[in-house]
Amino acid sequence: MRALLLVFNVKATTFLASLSSLRGQNVFKNLSSVIIFGGVALGVFLLARGVTAYLIQEAHIGQFLYHRFLSMLLYVFFVTVNLGNMIVCYATLYRSEEVTFLMGLPIAHEKIFLIKFVDNFFYSSGTLTLLGLSWLLGYGSFYYMPWYFYFFTIFAVLLPFMLIAGFVAVMVLMVLIKIAVEIGIRWLLAIIVGTYLTAIYAYFKVTNPVQLVEEVMKHYPNVNQYFGYLDAPFARYLPNHWVSEFLYWSVHGDAARALPHFFTLVITLAALAVVAAFMARRYYYRSWIASSDARALVRERRSPLRLRLLEFGERRMLRPKIDALVKRDIWLFLREPSQWLHLILMLLLLMIFVISLGQMELKLAQPLLQSVAFLVVFLFNGFLVASVSLRFVFPAVSLEGDTFWAVRAAPLSLRRLYWYKFWIAFLLVSAVGEALAVAATVLLRNDPVLVALAVVCTGFVSLALTSMNLGAGSYFAAYREKNPIRVASSQGASMTFLLALVYLATVVAVLVLPLTTYFRNLIIHGVASTSWVYLPVAVIAVISTGLFLMASRVGLAAIQRDF
Amino acid sequence: MIELRSVVKKFGSFTAVDGLSLTIPRGQFFGFLGPNGAGKTTTIKMLTGLYEPTAGACLINGHDVRRRPLEAKRSFGYVPDQPYLYEKLSGREFLYFVGGLFEIPTATIRERIEELVERFELQRFIDKRAEEYSQGMRQRIVLSSALLHDPLVLIIDEPLVGLDPRSARLVKDTLKQKTREGTTVFMSTHLLEIVEELCDRIAIIKDGRLIHDETQTAARTFNGQLEAIFLELTK
């Protein structure tokens, strides 16, 4: 126990020292962090309040349907926390140098497991916790809930809910590591990705939000008699259902019906913690050894991938310096499974999004609704582009790593290196963004003006998001961090992502009025002047170019700092 | 060939290097000594452009590293104190990469790699990924990368750490040969016997300041006294 406390004490001291450091960059980082996180928390709070008020008071969807939507949202939240923990978990529990160090000390393996689990949980769930709490505050304030409701819900309901997701992640991982030794890590990761995608698809297929709305609205306002039919049987056994039920009965002031769901959550968490502790005692060390052995075995059995054009010794296709950088980056990417697997996963999600969009009937008769549908799809596109940029562009400078000495001591201008990174990233991000924009707009409403609008706006959005992520990634560069996923989930990355969301919200706000006018003219008069869309495009161009210039300036200065 | 003009490096209120001035002529083997934290690595990092001096200037082959970094960097090869490599690239790929950054034609890089493989006995592991390398293997690859473009100046931070006796001998012989060919070598190390064996001149710094500068000639050698001098000056 003393060893455990000592390690946690060292971690807490290190964390506090990093917070209290008075170095200029650190003070700026912490101050910006407070402003941005605070701003976003306020935004989510207001959004939660506004959406709840709109759905309950304006759209009259009723408490039941609202809480079913909340349950679905919580499911996505659960899967995100779970997946986030699992992705970071492998690096934290199995590949971290700290674990290697701790394994050499007289500390029980299950304690090392606990230390790294806590580390992993807070690292990978921090931003999501903030979003969850802000949403809860907004939701609760709409219902005028008393202070103890928040206190109780945060510590006794939301925290266990997230811990369940975290425990499930590490337990599954321990089992998977053992299987990975048999079938290989690449196959295993492919199976995990497939299973997760199937789970998300199956959940929404069974709980079908469209069908849910149709069924409820058919019998509106007497929806309560359909309560029993609407819950899929398996959904009752999921933690998101228990949280939404707890909230549903809490806002009705029925503690007797709310508390059983809280107890179910806590008992499940306790059971999982016991099982995880048991598994950690029996399997953690063995799976850690198996993981190390498997990595060594993979090296032995490795059959090199040959791409003649990209071989270093072959004829150069580009100028020598760029050729060397391009070949290096491609090989480092292809040889790091966490990089290409994550890319495949993201591209799969994008495909699912486009296919789902194709199956939805979104040519609506009401101008405002049509405008909302277009903007929601556009916003989602932007969100996906922001996610891709965060995951792959933000870590680009950090990935130079400790070996940056070789580049910095070579006759290569760092400005040139920065722009090389920018153009490569911009080309890839805008290719993804434009493909999404065209596909989504054509499926939504095959109107050349709208397609052109989406393409131009996405171009500017890609420019702004790429430069923001590269600039901030350069400013917050962590050359010592080898894992790109950890770089992309660091404090600086979270701030950048939240800023990106603010930027996207601004872009959408600029588009609302002109688009609604455009749709009104189109739907009512059959024709619409395109001049309605020129002005917002100009505003978006100015904002995006401004961000591009600012971010590039910061990034260029940062990449030239002492190494 | 190498010139430091009143170089200062401050990190906040801490002064790591304090007004250091040195001139090292062509073909000289220069040993840079000092206790831990004296400012040796900081000085080397300023020479190689990894740190920017707070004041003063570092010149290599007549080029100011801050004002004309590309010209300066073309003329030196650098071996850092920690031989970091790209874990997912092989030694050969790393050498091609560095050669590309120095704009050496591919055919020339190929020839140079073959020479270096031979010289440093890299055959067994040159095509394996760096993640499989020992410290000594990494050190030999990094040294090869510094010699790849046949530089006029070699800046080396602790070149013999982690090397087995045979590899250490290879490195020492190579460095001696390079100085005979006219290359200037700036070497920082804690191994005093190596300094006595190899260096024409030594300088000792303490708390960022130069406290001793001495040239070894045929008539005046350290004769095993360097350790005593070092301990006396740095106590």
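Since this is a predicted model, take the numbers as computed values, not measurements.

Reading guide: rules and limits
- Residues numbered from 1 in each chain as written.
- Chains lettered and ligands numbered in written order.
- Predicted model: local features only at pLDDT ≥ 70, side-chain atom pairs only at ≥ 80, totals over all residues.
- Heavy atoms only, no water.
- Salt bridge = Lys/Arg side-chain N within 4 Å of Asp/Glu carboxyl O.
- Helix = DSSP H or I, 4+ residues; strand = E, 2+ residues; numbered from the N terminus.
- Buried < 20%, exposed > 50% of the residue type's maximum accessible area, 1.4 Å probe, protein only.
- Pairing = 2+ DSSP bridges.
- Axes fitted to C-alpha atoms, helices over the stretch in contact; angles between N-to-C directions.
- Parallel < 35°, antiparallel > 145°, perpendicular 65-115°, else oblique.
- Left-handed = near helix turned anticlockwise from the far one by under 90°.
- Contact = heavy atoms within 4.5 Å.
- Nonpolar A, V, L, I, M, F, W, Y, C, P; charged D, E, K, R; others polar.
- Expected span 1.5 Å × (residues − 1).
- Buried area = accessible area lost by both parts, 1.4 Å probe.
- Polar contact = N/O pair within 3.5 Å; in protein donor to acceptor, adjacent residues only side chain to side chain.
- Core = buried A, V, L, I, M, F, W, Y, C linked by side-chain atoms within 4.5 Å.
- Domains from an automatic or database assignment.
- Phe/Tyr/Trp six-rings, centres within 6.5 Å; stacked < 30°, edge-to-face > 60°.
- Lys NZ or Arg CZ within 6 Å of the ring centre and 35° of its normal.
- Patch = residues over 30% accessible without salt bridge, like charges linked within 9 Å, V, L, I, M, F, W, Y side chains within 5 Å.
- Areas by Shrake-Rupley, 256 points an atom, 1.4 Å probe, with all protein chains shown as cover.

### Section: the pattern of salt bridges
All names here are of chain A. Throughout the structure, instances matching the rule amount to 33 salt bridges over all chains. Residues Glu245 and Arg68 are paired through a salt bridge, measuring 3.2 Å at the closest nitrogen-oxygen approach. Taken together, the positions of Glu245 in helix α10 (residues 239-251) and Arg68 in helix α3 (residues 62-94) put the pair 177 residues apart, joining distant regions of the chain. Between Arg480 and Asp402 there is a salt bridge whose closest N-O contact spans 2.7 Å. With Arg480 in the loop between α17 (448-475) and α18 (484-488) and Asp402 in the loop between α14 (367-392) and α15 (404-408), the pair connects residues that are 78 residues apart, well separated along the chain. You can call Arg480 exposed: its relative accessible area is 65%. By relative accessible area, which is 10% here, Asp402 ends up buried.

### Concerning the pairing of strand β10 (residues 209-215) of chain B
Residues and elements named next belong to chain B. Where strand β9 (residues 201-206) meets β10, six bridges bridge the pair, whose relative direction is antiparallel. Paired with Ile204 across the bridge in β10 is His212. The turn linking β9 back onto β10 is made up of two residues, and Asp207 within it adopts a positive phi angle of 50 degrees.

### Description of the packing of helix α12 (residues 320-334) of chain A against helix α16 (residues 414-444) of chain A
All names here are of chain A. Direction vectors running N to C along α12 and α16 enclose 50 degrees, while the axes themselves pass 12 Å from each other. Accordingly, the angle class assigned to the pair α12 and α16 is oblique. For the crossing formed where α12 meets α16, the hand is right-handed. Where α12 abuts α16, its residues Lys321, Ile322, Leu325, Val326, Arg328 and Asp329 lie against Arg416, Leu417, Tyr420 and Lys421. Partitioned by chemical class, the residues of the contact of α12 with α16 number five nonpolar, no polar and five charged.

### Let's talk about the pairing of strand β2 (residues 14-24) of chain B
All names here are of chain B. Bridge analysis of strand β1 (residues 2-11) against β2 gives eight bridges, and the strand direction is antiparallel. Bridging from a neighbouring strand, Ile2 pairs with Ile24 of β2. Counted along the chain from β1 to the antiparallel partner β2, the turn is two residues long, and its residue Gly12 has a positive phi close to 65 degrees.

### Concerning α12 of chain A
Its 15 residues give α12 of chain A an end-to-end C-alpha distance of 21 Å, which sits within 8% of 21 Å, the value for a rise of 1.5 Å per residue. Within α12 of chain A, the full set of buried residues consists of Lys321, Ile322, Asp323, Ala324, Leu325, Val326, Lys327, Arg328, Trp331 and Leu332 of chain A. On its buried face, α12 of chain A sits against α15 and α16 of chain A together with α2 (69-74) and α3 (91-101) of chain B.

### A word on the interface of chain B and chain A
Contacts between chain B and chain A engage 39 residues on the former and 31 residues on the latter. For the pair chain B and chain A, the summed buried surface comes to about 3400 Å²; carbon and sulfur atoms form 59% of the total. On the surface where chain B and chain A come into contact, there are two salt bridges. Between Arg335 of chain A and Glu93 of chain B there is a salt bridge, and its shortest N-O distance comes to 2.7 Å. At the junction of chain B and chain A, the tally comes to 11 residue pairs in polar contact (both at pLDDT 80 or more). Breaking the side of chain B that touches chain A down by element, the ones donating at least two residues are β1, α2, β6 (76-79), α3, α4 (106-120) and α5 (135-147) of chain B. For the side of chain B that touches chain A, the element with the highest residue contribution is α3 of chain B, accounting for seven residues. Across the side of chain B that touches chain A, the residue classes break down as 20 nonpolar, seven polar and 12 charged.

### What to know about the nonpolar core
Residues and elements named next belong to chain A. Tyr139 and Tyr284 are the most contacted members of the largest nonpolar core, which has 233 residues in total. Among the elements that make up this core, the one with the highest residue count is helix α6 (residues 147-183) (19 residues). If you count residues domain by domain, this core takes at least three from each of domain 1 (1-11 + 36-298) and domain 2 (357-563). Ignoring anything within four residues of it in the chain, the contact list for Tyr284 reads Leu93, Tyr94, Val99, Met103, His109, Ile112, Phe113, Met174 and Met279.

### Comments concerning the packing of aromatic side chains
Residues and elements named next belong to chain A. For the structure on display, the rule yields 45 aromatic pairs over all chains. On the numbers, 4.9 Å between centres and 85 degrees between planes, the contact of Phe142 with Tyr143 is edge-to-face. For Tyr143, a relative accessible area of 15% puts it in the buried group. Three or more aromatic residues link up through ring pairs in this structure, and these residues are Tyr90, Tyr94, Phe113, Phe117, Phe121, Phe122, Phe167 and Tyr284. Its end group placed over the ring of Trp249, Arg257 keeps NZ or CZ at 4.7 Å from the ring centre. Positioned above the aromatic ring of Phe392, the side-chain terminus of Arg391 is 4.7 Å from the ring centre.

### Description of the environment of Pro514 of chain A
Position of Pro514 of chain A among the secondary structure elements: in helix α19 (residues 491-525). Pro514 of chain A has contacts with Trp532 and Pro536 of chain A, leaving out every residue within four places of it along the chain.

### A closer look at the sheet that holds β1 of chain B
Residues and elements named next belong to chain B. The strand order β2-β1-β4-β5 describes an open sheet built from four strands, whose pairing is antiparallel. Of all the strands in the sheet, just β2 and β5 (63-64) have a single pairing partner and so form its edges. Against the sheet, helix α1 (residues 40-47) touches β1, β2 and β4 (55-60), its axis set at about 115 degrees to β1.

### What to know about a nonpolar patch on the surface
Nonpolar side chains collect at one region of the surface, where Trp147, Tyr148, Phe151, Phe155 and Leu159 of chain A lie side by side and expose about 640 Å² of accessible area between them. Tracing the sequence through the fold places Phe155 of chain A in helix α6.

### Some words on the domain arrangement of chain A
A common measure of how large an interface is: the accessible area buried when the components associate. Residues and elements named next belong to chain A. Along its sequence, chain A is organised into domain 1 (1-11 + 36-298) and domain 2 (357-563). In this assembly, 10 residues from domain 1 lie in contact with 12 residues from domain 2. When domain 1 packs against domain 2, the two sides together hide about 1100 Å² of surface, and 71% of this comes from carbon and sulfur. A per-residue breakdown of the area domain 1 buries against domain 2 is headed by Ile36, Phe37 and Tyr123, which together make up 49% of the total. Summed over the shared surface of domain 1 and domain 2, the number is one salt bridge. Taking the shortest distance from any N to any O, the salt bridge between Glu97 and Lys482 comes out at 3.5 Å. If you look at where domain 1 meets domain 2, you find two residue pairs in polar contact (both at pLDDT 80 or more).

### Thoughts on the environment of Ser75 of chain B
Residue and element names in this part refer to chain B. With respect to the secondary-structure elements, Ser75 resides in the loop between α2 and β6. For Ser75, a relative accessible area of 7% gives the class buried. Between the alpha carbons of Ser75 and Gly100 there is a distance of 15 Å; along the sequence they are 25 residues apart. Setting aside anything within four residues of it in sequence, one finds Ser75 in contact with Ile60, Asn61, Pro151, Leu152 and Val153. One polar contact links the side chain of Ser75 to the main-chain carbonyl oxygen of Ala72, over a distance of 2.8 Å.

### Focus: the sheet that holds strand β8 (residues 184-188) of chain B
Residues and elements named next belong to chain B. The six strands lie next to each other as β6-β7-β8-β3-β9-β10, forming an open sheet whose pairing is mixed. Each edge of the open sheet is held by one strand with a lone partner, namely β6 and β10. Between one strand axis and the next, the sheet turns through 15 degrees on average, direction left out of account. Against the sheet, α5 makes contact with β6 and β7 (153-157), and its axis sits at roughly 170 degrees relative to β6, the strand it touches most.

### Observations regarding unusual backbone geometry
Residue and element names in this part refer to chain B. Its identity as a non-glycine residue notwithstanding, Asn61 has a phi of 55 degrees, on the positive side. Along the chain, Asn61 falls in the loop between β4 and β5. Of note, the phi angle at Asp207 is positive, near 50 degrees, even though the residue is not glycine. Following the sequence through the fold, Asp207 ends up in the loop between β9 and β10. When its relative accessible area of 58% is taken as the criterion, Asp207 is described as exposed.

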